[in-house]
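Observations on chain architecture
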Amino acid sequence: QAYNCLIHFYKRPYRSRYRMSRNGSMSSEVDLDAVDGDSSPLQVKISDALSEKDRVKFTIQTKSEMPEFQKSDFSVLRFHEDFLWLHDVIQENPLYAGYIIPPKPQTPDFYASQEKLQKLGEADSGVLTKEEYTKVKQELEAEYLAIFKKTVAQHEVFLQRLASHPAMKNDRNFHVFLEFESELNVRGKNKKEKLVGMFSTFQKTGDELLLGSTQKDVDEFFEQEKNFLLAYNQQLREVSVKSMKVNSAQKCLADNYIKLSSSLLNIASVEGPGLESFLTKLSDSLEKIRRCESRLAADQDLKLTDCLKYHCLDTAAAKDLLFRRLRCLANYEKANKELDLARTRNKDVAAAENRQSEACKTFERLSTTARAELAMQKKGRVEHVRRNLEQLVELEVKHGKAHSQLLRQAICDIKEM
(Lines give C-alpha, C1' and ligand atoms only; values in the text may rest on other atoms or scores of the structure.)
Protein backbone atom coordinates (compact mmCIF):
# COMPACT_ATOMS: atom_id res chain seq x y z
CA GLN A 1 0.00 0.00 0.00
CA ALA A 2 1.31 3.38 -0.97
CA TYR A 3 1.27 6.09 1.64
CA ASN A 4 1.04 9.65 0.47
CA CYS A 5 3.46 11.29 2.86
CA LEU A 6 5.53 14.40 2.28
CA ILE A 7 7.84 16.06 4.75
CA HIS A 8 9.85 19.11 3.84
CA PHE A 9 12.75 20.58 5.81
CA TYR A 10 14.42 23.87 5.04
CA LYS A 11 16.64 26.69 6.26
CA ARG A 12 17.81 27.65 9.76
CA PRO A 13 17.32 28.24 12.76
CA TYR A 14 14.85 25.57 13.90
CA ARG A 15 11.24 26.40 13.21
CA SER A 16 8.36 24.24 11.94
CA ARG A 17 4.92 24.40 10.35
CA TYR A 18 2.58 21.51 9.55
CA ARG A 19 -0.20 20.68 7.16
CA MET A 20 -2.09 17.40 7.18
CA SER A 21 -5.27 16.34 5.38
CA ARG A 22 -7.77 13.69 6.37
CA ASN A 23 -6.40 11.24 3.81
CA GLY A 24 -3.13 11.04 5.71
CA SER A 25 -0.99 13.27 3.53
CA MET A 26 1.29 15.49 5.55
CA SER A 27 3.78 18.21 4.82
CA SER A 28 5.89 20.21 7.18
CA GLU A 29 8.58 22.81 6.87
CA VAL A 30 11.42 22.72 9.35
CA ASP A 31 14.45 24.97 9.72
CA LEU A 32 17.52 23.00 10.67
CA ASP A 33 19.53 24.15 13.65
CA ALA A 34 23.09 23.84 12.49
CA VAL A 35 26.23 25.80 13.00
CA ASP A 36 26.99 28.29 10.25
CA GLY A 37 29.84 30.69 9.77
CA ASP A 38 32.70 28.33 9.13
CA SER A 39 35.99 29.86 8.07
CA SER A 40 36.95 26.77 6.07
CA PRO A 41 37.63 27.28 2.33
CA LEU A 42 35.04 24.57 1.62
CA GLN A 43 31.70 24.93 3.44
CA VAL A 44 28.99 22.33 2.87
CA LYS A 45 25.54 22.13 4.41
CA ILE A 46 22.19 20.51 3.64
CA SER A 47 19.76 23.38 3.26
CA ASP A 48 16.74 21.32 2.25
CA ALA A 49 15.52 17.72 2.48
CA LEU A 50 12.44 16.38 0.75
CA SER A 51 10.88 12.95 1.29
CA GLU A 52 8.35 11.31 -0.98
CA LYS A 53 7.34 7.80 0.10
CA ASP A 54 10.63 5.92 0.73
CA ARG A 55 13.15 8.22 -0.99
CA VAL A 56 14.89 11.27 0.39
CA LYS A 57 16.22 14.06 -1.79
CA PHE A 58 18.75 16.44 -0.24
CA THR A 59 19.62 19.93 -1.43
CA ILE A 60 23.34 20.41 -0.79
CA GLN A 61 24.62 23.97 -0.70
CA THR A 62 28.34 24.59 -1.12
CA LYS A 63 30.47 27.69 -0.70
CA SER A 64 34.10 27.44 -1.70
CA GLU A 65 37.16 29.53 -2.46
CA MET A 66 38.99 26.54 -3.94
CA PRO A 67 40.10 27.03 -7.57
CA GLU A 68 38.97 23.51 -8.50
CA PHE A 69 35.34 24.63 -8.51
CA GLN A 70 33.86 26.70 -11.33
CA LYS A 71 31.65 28.73 -8.98
CA SER A 72 32.02 29.98 -5.44
CA ASP A 73 28.40 29.31 -4.41
CA PHE A 74 26.30 26.46 -5.82
CA SER A 75 23.77 23.78 -4.87
CA VAL A 76 22.78 20.34 -6.17
CA LEU A 77 20.16 17.67 -5.49
CA ARG A 78 21.32 14.28 -4.23
CA PHE A 79 19.67 11.06 -3.04
CA HIS A 80 20.71 8.82 -0.16
CA GLU A 81 22.16 6.30 -2.64
CA ASP A 82 24.53 9.01 -3.89
CA PHE A 83 25.96 9.37 -0.38
CA LEU A 84 26.57 5.62 -0.21
CA TRP A 85 28.37 5.73 -3.58
CA LEU A 86 30.58 8.59 -2.40
CA HIS A 87 31.49 6.72 0.78
CA ASP A 88 32.36 3.55 -1.14
CA VAL A 89 34.59 5.22 -3.76
CA ILE A 90 36.51 7.09 -1.04
CA GLN A 91 36.87 3.97 1.10
CA GLU A 92 38.15 1.93 -1.87
CA ASN A 93 40.70 4.59 -2.88
CA PRO A 94 44.21 3.38 -1.85
CA LEU A 95 45.33 7.01 -1.47
CA TYR A 96 43.22 7.24 1.68
CA ALA A 97 44.45 4.02 3.29
CA GLY A 98 46.14 6.06 6.01
CA TYR A 99 43.04 8.05 6.92
CA ILE A 100 39.91 7.39 8.97
CA ILE A 101 37.02 7.22 6.52
CA PRO A 102 33.93 8.98 7.97
CA PRO A 103 31.05 6.54 8.62
CA LYS A 104 28.45 6.43 5.88
CA PRO A 105 25.00 7.86 6.71
CA GLN A 106 22.46 5.28 7.84
CA THR A 107 19.51 4.44 5.59
CA PRO A 108 16.41 6.44 6.62
CA ASP A 109 13.88 4.24 8.41
CA PHE A 110 10.30 5.10 7.53
CA TYR A 111 8.70 1.75 8.25
CA ALA A 112 8.13 2.38 11.95
CA SER A 113 5.49 4.99 11.11
CA GLN A 114 3.67 3.14 8.33
CA GLU A 115 1.27 1.49 10.76
CA LYS A 116 0.34 4.89 12.18
CA LEU A 117 -0.09 6.22 8.65
CA GLN A 118 -2.47 3.36 7.93
CA LYS A 119 -4.46 4.07 11.08
CA LEU A 120 -4.61 7.70 10.13
CA GLY A 121 -6.01 6.81 6.73
CA GLU A 122 -8.74 4.74 8.39
CA ALA A 123 -10.06 7.66 10.42
CA ASP A 124 -13.06 8.15 8.13
CA SER A 125 -14.00 4.48 8.37
CA GLY A 126 -14.82 4.78 12.07
CA VAL A 127 -11.79 2.89 13.37
CA LEU A 128 -10.51 6.07 15.02
CA THR A 129 -12.59 8.65 16.81
CA LYS A 130 -12.09 12.32 16.07
CA GLU A 131 -10.03 12.77 19.23
CA GLU A 132 -7.87 9.72 18.50
CA TYR A 133 -7.34 10.92 14.93
CA THR A 134 -6.09 14.30 16.14
CA LYS A 135 -3.72 12.78 18.67
CA VAL A 136 -2.33 10.16 16.28
CA LYS A 137 -1.81 12.91 13.72
CA GLN A 138 0.19 14.98 16.20
CA GLU A 139 2.21 11.96 17.26
CA LEU A 140 2.94 11.13 13.62
CA GLU A 141 4.06 14.67 12.87
CA ALA A 142 6.45 14.68 15.81
CA GLU A 143 7.83 11.24 14.96
CA TYR A 144 8.47 12.06 11.33
CA LEU A 145 10.07 15.37 12.22
CA ALA A 146 12.42 13.57 14.60
CA ILE A 147 13.31 10.97 11.95
CA PHE A 148 14.05 13.57 9.32
CA LYS A 149 15.98 15.86 11.61
CA LYS A 150 18.15 12.87 12.51
CA THR A 151 18.49 11.79 8.86
CA VAL A 152 19.58 15.23 7.69
CA ALA A 153 22.05 15.57 10.56
CA GLN A 154 23.74 12.25 9.72
CA HIS A 155 24.13 13.10 6.04
CA GLU A 156 25.36 16.62 6.77
CA VAL A 157 27.99 15.43 9.26
CA PHE A 158 29.33 12.99 6.66
CA LEU A 159 29.77 15.75 4.07
CA GLN A 160 31.22 18.23 6.54
CA ARG A 161 33.85 15.75 7.72
CA LEU A 162 34.94 15.19 4.13
CA ALA A 163 34.97 18.94 3.47
CA SER A 164 37.11 19.66 6.54
CA HIS A 165 39.61 16.86 5.91
CA PRO A 166 42.93 18.12 4.50
CA ALA A 167 43.17 15.33 1.90
CA MET A 168 39.65 14.09 1.18
CA LYS A 169 38.32 17.58 0.49
CA ASN A 170 40.40 17.50 -2.72
CA ASP A 171 38.95 14.20 -3.92
CA ARG A 172 37.68 14.43 -7.50
CA ASN A 173 34.63 12.24 -6.82
CA PHE A 174 33.71 14.48 -3.89
CA HIS A 175 33.90 17.52 -6.17
CA VAL A 176 31.67 15.80 -8.73
CA PHE A 177 29.21 14.96 -5.97
CA LEU A 178 29.08 18.60 -4.88
CA GLU A 179 29.20 20.35 -8.24
CA PHE A 180 27.62 18.18 -10.96
CA GLU A 181 24.21 19.73 -11.52
CA SER A 182 22.40 16.72 -13.00
CA GLU A 183 21.48 13.55 -11.12
CA LEU A 184 24.33 11.09 -10.59
CA ASN A 185 22.07 8.12 -11.40
CA VAL A 186 24.02 5.87 -9.07
CA ARG A 187 23.11 2.21 -9.42
CA GLY A 188 22.52 0.28 -6.22
CA LYS A 189 24.32 -2.99 -5.58
CA ASN A 190 22.72 -6.11 -7.05
CA LYS A 191 22.38 -9.44 -5.23
CA LYS A 192 25.71 -10.74 -6.51
CA GLU A 193 27.57 -7.61 -5.38
CA LYS A 194 25.88 -7.73 -1.99
CA LEU A 195 26.88 -11.40 -1.61
CA VAL A 196 30.47 -10.60 -2.59
CA GLY A 197 30.47 -7.75 -0.08
CA MET A 198 29.21 -10.06 2.66
CA PHE A 199 31.97 -12.62 1.99
CA SER A 200 34.54 -9.81 1.86
CA THR A 201 33.39 -8.71 5.31
CA PHE A 202 33.83 -12.24 6.64
CA GLN A 203 37.29 -12.46 5.08
CA LYS A 204 38.28 -9.07 6.51
CA THR A 205 37.13 -10.14 9.98
CA GLY A 206 39.17 -13.34 9.70
CA ASP A 207 42.25 -11.41 8.56
CA GLU A 208 41.88 -9.01 11.48
CA LEU A 209 41.72 -11.88 13.97
CA LEU A 210 44.71 -13.61 12.37
CA LEU A 211 46.85 -10.49 12.22
CA GLY A 212 45.83 -9.45 15.71
CA SER A 213 47.01 -12.77 17.14
CA THR A 214 50.15 -13.31 15.03
CA GLN A 215 51.47 -9.84 14.15
CA LYS A 216 53.23 -7.93 16.92
CA ASP A 217 53.18 -4.15 16.47
CA VAL A 218 56.62 -2.56 16.66
CA ASP A 219 55.21 0.78 17.87
CA GLU A 220 53.91 0.92 21.44
CA PHE A 221 51.68 3.90 20.60
CA PHE A 222 49.68 1.99 18.02
CA GLU A 223 49.49 -1.10 20.21
CA GLN A 224 47.96 0.97 22.99
CA GLU A 225 45.59 2.66 20.55
CA LYS A 226 44.43 -0.71 19.25
CA ASN A 227 43.71 -2.03 22.74
CA PHE A 228 41.93 1.19 23.66
CA LEU A 229 39.75 1.23 20.54
CA LEU A 230 38.79 -2.43 20.94
CA ALA A 231 37.65 -1.87 24.52
CA TYR A 232 36.10 1.53 23.81
CA ASN A 233 34.15 0.29 20.80
CA GLN A 234 32.71 -2.59 22.81
CA GLN A 235 31.67 -0.23 25.60
CA LEU A 236 30.05 2.11 23.08
CA ARG A 237 28.07 -0.80 21.63
CA GLU A 238 26.79 -1.79 25.05
CA VAL A 239 25.88 1.72 26.18
CA SER A 240 24.18 2.53 22.86
CA VAL A 241 21.95 -0.55 23.25
CA LYS A 242 21.05 0.54 26.79
CA SER A 243 20.37 4.08 25.57
CA MET A 244 18.04 2.69 22.89
CA LYS A 245 16.11 0.76 25.55
CA VAL A 246 15.77 3.86 27.71
CA ASN A 247 14.63 5.89 24.72
CA SER A 248 12.11 3.20 23.75
CA ALA A 249 10.69 3.25 27.28
CA GLN A 250 10.42 7.04 27.08
CA LYS A 251 8.48 6.76 23.82
CA CYS A 252 6.19 4.11 25.32
CA LEU A 253 5.51 6.45 28.22
CA ALA A 254 4.51 9.19 25.77
CA ASP A 255 2.27 6.75 23.85
CA ASN A 256 0.53 5.70 27.06
CA TYR A 257 -0.61 9.28 27.61
CA ILE A 258 -2.67 8.98 24.43
CA LYS A 259 -4.53 5.97 25.82
CA LEU A 260 -5.07 7.67 29.17
CA SER A 261 -6.31 10.86 27.56
CA SER A 262 -8.67 9.04 25.19
CA SER A 263 -10.06 6.87 27.99
CA LEU A 264 -10.77 9.90 30.13
CA LEU A 265 -12.62 11.55 27.24
CA ASN A 266 -14.69 8.42 26.71
CA ILE A 267 -15.60 8.33 30.41
CA ALA A 268 -16.43 12.04 30.34
CA SER A 269 -18.92 11.51 27.52
CA VAL A 270 -21.09 9.25 29.71
CA GLU A 271 -20.77 11.14 33.00
CA GLY A 272 -22.71 14.09 34.35
CA PRO A 273 -21.82 17.73 33.59
CA GLY A 274 -19.79 18.26 36.77
CA LEU A 275 -17.52 15.26 36.32
CA GLU A 276 -17.42 15.72 32.56
CA SER A 277 -15.65 19.10 32.72
CA PHE A 278 -13.15 17.75 35.26
CA LEU A 279 -12.27 14.71 33.13
CA THR A 280 -12.06 16.80 29.97
CA LYS A 281 -9.68 19.23 31.62
CA LEU A 282 -7.57 16.34 32.95
CA SER A 283 -7.51 14.74 29.49
CA ASP A 284 -6.30 17.98 27.93
CA SER A 285 -3.53 18.25 30.52
CA LEU A 286 -2.37 14.69 29.84
CA GLU A 287 -2.30 15.42 26.12
CA LYS A 288 -0.05 18.45 26.70
CA ILE A 289 2.25 16.34 28.89
CA ARG A 290 2.32 13.72 26.12
CA ARG A 291 3.65 16.28 23.66
CA CYS A 292 6.33 17.32 26.14
CA GLU A 293 7.39 13.68 26.70
CA SER A 294 7.48 13.01 22.95
CA ARG A 295 9.76 15.99 22.35
CA LEU A 296 12.01 14.85 25.20
CA ALA A 297 12.24 11.33 23.72
CA ALA A 298 13.11 12.75 20.29
CA ASP A 299 15.84 14.98 21.75
CA GLN A 300 17.31 12.10 23.76
CA ASP A 301 17.35 9.96 20.65
CA LEU A 302 19.11 12.64 18.60
CA LYS A 303 21.58 14.00 21.14
CA LEU A 304 22.49 10.84 23.07
CA THR A 305 21.56 7.60 21.29
CA ASP A 306 22.57 8.79 17.83
CA CYS A 307 25.75 10.33 19.21
CA LEU A 308 26.74 6.99 20.76
CA LYS A 309 25.90 5.08 17.59
CA TYR A 310 27.90 7.49 15.46
CA HIS A 311 31.03 7.20 17.58
CA CYS A 312 30.63 3.44 17.65
CA LEU A 313 30.86 3.51 13.84
CA ASP A 314 33.64 6.10 13.94
CA THR A 315 35.81 4.03 16.28
CA ALA A 316 35.16 1.02 14.03
CA ALA A 317 36.56 3.10 11.15
CA ALA A 318 39.63 3.87 13.29
CA LYS A 319 40.04 0.13 13.97
CA ASP A 320 39.97 -0.43 10.18
CA LEU A 321 42.78 2.10 9.83
CA LEU A 322 44.91 0.25 12.40
CA PHE A 323 44.19 -3.01 10.59
CA ARG A 324 45.38 -1.52 7.29
CA ARG A 325 48.55 -0.31 9.01
CA LEU A 326 49.11 -3.74 10.55
CA ARG A 327 48.70 -5.28 7.10
CA CYS A 328 51.35 -2.87 5.75
CA LEU A 329 53.64 -3.89 8.62
CA ALA A 330 53.16 -7.57 7.75
CA ASN A 331 53.95 -6.80 4.10
CA TYR A 332 57.07 -4.88 5.16
CA GLU A 333 58.35 -7.75 7.30
CA LYS A 334 57.59 -10.18 4.49
CA ALA A 335 59.59 -7.98 2.09
CA ASN A 336 62.51 -8.01 4.56
CA LYS A 337 62.48 -11.81 4.67
CA GLU A 338 62.34 -12.00 0.88
CA LEU A 339 65.29 -9.60 0.64
CA ASP A 340 67.36 -11.71 3.06
CA LEU A 341 66.49 -14.81 1.06
CA ALA A 342 67.43 -13.12 -2.23
CA ARG A 343 70.79 -12.02 -0.81
CA THR A 344 71.46 -15.51 0.48
CA ARG A 345 70.76 -16.98 -2.97
CA ASN A 346 72.34 -13.98 -4.71
CA LYS A 347 69.36 -13.89 -7.06
CA ASP A 348 66.92 -11.03 -7.91
CA VAL A 349 68.48 -8.86 -5.19
CA ALA A 350 67.69 -5.55 -6.92
CA ALA A 351 63.99 -6.43 -7.34
CA ALA A 352 63.75 -7.56 -3.72
CA GLU A 353 65.42 -4.34 -2.55
CA ASN A 354 62.93 -2.27 -4.54
CA ARG A 355 60.00 -4.18 -3.05
CA GLN A 356 61.43 -3.80 0.44
CA SER A 357 62.04 -0.08 -0.05
CA GLU A 358 58.53 0.48 -1.41
CA ALA A 359 56.97 -1.49 1.47
CA CYS A 360 59.02 0.53 3.95
CA LYS A 361 57.91 3.85 2.45
CA THR A 362 54.26 2.76 2.39
CA PHE A 363 54.37 1.63 6.01
CA GLU A 364 56.11 4.77 7.25
CA ARG A 365 53.81 7.06 5.29
CA LEU A 366 50.71 5.26 6.58
CA SER A 367 52.03 5.29 10.16
CA THR A 368 52.61 9.06 10.01
CA THR A 369 49.14 9.86 8.69
CA ALA A 370 47.49 7.32 11.03
CA ARG A 371 49.09 8.92 14.09
CA ALA A 372 47.76 12.35 13.07
CA GLU A 373 44.32 10.92 12.22
CA LEU A 374 43.93 9.21 15.59
CA ALA A 375 44.89 12.38 17.44
CA MET A 376 42.44 14.41 15.35
CA GLN A 377 39.67 11.87 15.91
CA LYS A 378 40.22 11.85 19.67
CA LYS A 379 39.99 15.64 19.82
CA GLY A 380 36.88 15.73 17.63
CA ARG A 381 35.22 12.93 19.60
CA VAL A 382 35.68 14.69 22.93
CA GLU A 383 34.36 17.96 21.55
CA HIS A 384 31.38 16.33 19.82
CA VAL A 385 30.31 14.24 22.82
CA ARG A 386 30.72 17.19 25.19
CA ARG A 387 28.68 19.46 22.92
CA ASN A 388 25.89 16.89 22.54
CA LEU A 389 25.73 16.21 26.27
CA GLU A 390 25.62 19.94 27.05
CA GLN A 391 22.79 20.41 24.55
CA LEU A 392 20.96 17.38 25.94
CA VAL A 393 21.17 18.71 29.51
CA GLU A 394 19.86 22.11 28.38
CA LEU A 395 16.97 20.45 26.53
CA GLU A 396 16.11 18.18 29.47
CA VAL A 397 16.07 21.17 31.82
CA LYS A 398 13.85 23.02 29.35
CA HIS A 399 11.44 20.09 29.02
CA GLY A 400 11.47 19.51 32.78
CA LYS A 401 10.47 23.11 33.42
CA ALA A 402 7.73 22.88 30.82
CA HIS A 403 6.50 19.62 32.35
CA SER A 404 6.31 21.04 35.87
CA GLN A 405 4.60 24.18 34.57
CA LEU A 406 1.95 22.05 32.86
CA LEU A 407 1.31 20.14 36.08
CA ARG A 408 1.04 23.35 38.12
CA GLN A 409 -1.34 24.84 35.57
CA ALA A 410 -3.45 21.68 35.55
CA ILE A 411 -3.75 21.75 39.36
CA CYS A 412 -4.73 25.44 39.31
CA ASP A 413 -7.34 24.80 36.61
CA ILE A 414 -8.85 21.91 38.55
CA LYS A 415 -8.97 23.94 41.77
CA GLU A 416 -10.84 26.74 39.99
CA MET A 417 -13.56 24.40 38.73
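Everything below is about the structure printed above this text.
Residues numbered from 1 in each chain as written. Predicted model: local features only at pLDDT ≥ 70, side-chain atom pairs only at ≥ 80, totals over all residues. Heavy atoms only, no water.

A word on the overall build of the chain. Tallying secondary structure elements over the chain gives eight helices and six strands in all. Overall, the chain shows an N-to-C arrangement of helices and strands of β-β-β-β-β-β-α-α-α-α-α-α-α-α. Across the 417 residues in the chain, those meeting the buried criterion constitute 40%. Taking contacts inside the chain between residues at least 6 apart in sequence as the whole, the part at least 24 apart equals 70%. (Helix = DSSP H or I, 4+ residues; strand = E, 2+ residues; numbered from the N terminus. Buried < 20%, exposed > 50% of the residue type's maximum accessible area, 1.4 Å probe, protein only. Contact = heavy atoms within 4.5 Å.)

Over its 49 residues, helix α6 (residues 220-268) runs 72 Å from end to end, which matches the ideal 72 Å to within 8%, given 1.5 Å per residue. At the N-terminal end of α6, a side-chain oxygen is found 2.9 Å from the backbone nitrogen of F221, two or three residues along, and the residue is D219. (Expected span 1.5 Å × (residues − 1). Polar contact = N/O pair within 3.5 Å; in protein donor to acceptor, adjacent residues only side chain to side chain.)

The tally for this structure, following the rule as stated, stands at 11 salt bridges. R371 serves as the salt-bridge partner of D219, at 2.7 Å between the closest nitrogen and oxygen. You can see D219 sitting in the loop between α5 (191-214) and α6 and its partner R371 sitting in helix α8 (residues 349-416), a full 152 residues away along the chain. When its relative accessible area of 21% is taken as the criterion, D219 is described as partly exposed. By sharing partners, the salt bridges in this structure join K150, K251 and D301 into a single network. (Salt bridge = Lys/Arg side-chain N within 4 Å of Asp/Glu carboxyl O.)

What follows is about helix α4 (residues 172-179). Buried within α4 are the following residues: F174, H175, F177, L178 and E179. For α4, the N-terminal capping position is held by D171, with its side-chain oxygen 2.9 Å away from the main-chain nitrogen of N173.

Contact geometry of α6 with helix α7 (residues 273-345) gives a least axis separation of 7 Å together with a crossing angle of 165°. As summarised for this structure, α6 and α7 are arranged roughly antiparallel, according to the angle between their axes. Our pair here, α6 against α7, has a crossing hand that is left-handed. A breakdown of the residues in the contact of α6 with α7 according to their chemical character gives 28 nonpolar, 13 polar and 12 charged. (Axes fitted to C-alpha atoms, helices over the stretch in contact; angles between N-to-C directions. Parallel < 35°, antiparallel > 145°, perpendicular 65-115°, else oblique. Left-handed = near helix turned anticlockwise from the far one by under 90°. Nonpolar A, V, L, I, M, F, W, Y, C, P; charged D, E, K, R; others polar.)

Okay, the packing of helix α1 (residues 80-91) against α4 next. Between α1 and α4, the least distance of the axes is 9 Å, while the angle of their chain directions is 165°. On the basis of the axis angle, α1 is roughly antiparallel to α4. Relative to α4, α1 is oriented so that their crossing is left-handed. In this structure, α1 contributes D82, F83, W85, L86 and V89 to the contact, and α4 contributes N173, F174 and F177.

With glycine set apart, most residues show a phi of negative sign, and most peptide bonds adopt trans. Not every positive phi belongs to a glycine, and N346 is a case in point at roughly 55°. Turning to its location among the elements, N346 is positioned in the loop between α7 and α8. Assessed through its relative accessible area of 65%, N346 is described here as exposed. Positive phi outside glycine occurs at D348, with the angle close to 55°.

Each aromatic ring pair is characterised by the separation of its centres together with the angle its planes make. All chains considered together, the criterion is met by seven aromatic pairs. Taking the centre distance of 5.4 Å and the plane angle of 35° together, the rings of F69 and F74 count as tilted. The burial state of F69 is the same as that of F74; both residues are buried. Between F221 and F222, the ring centres sit 5.1 Å apart and the planes meet at 80°, which makes this aromatic pair edge-to-face. Its relative accessible area of 26% is what places F221 among the partly exposed residues. (Phe/Tyr/Trp six-rings, centres within 6.5 Å; stacked < 30°, edge-to-face > 60°.)

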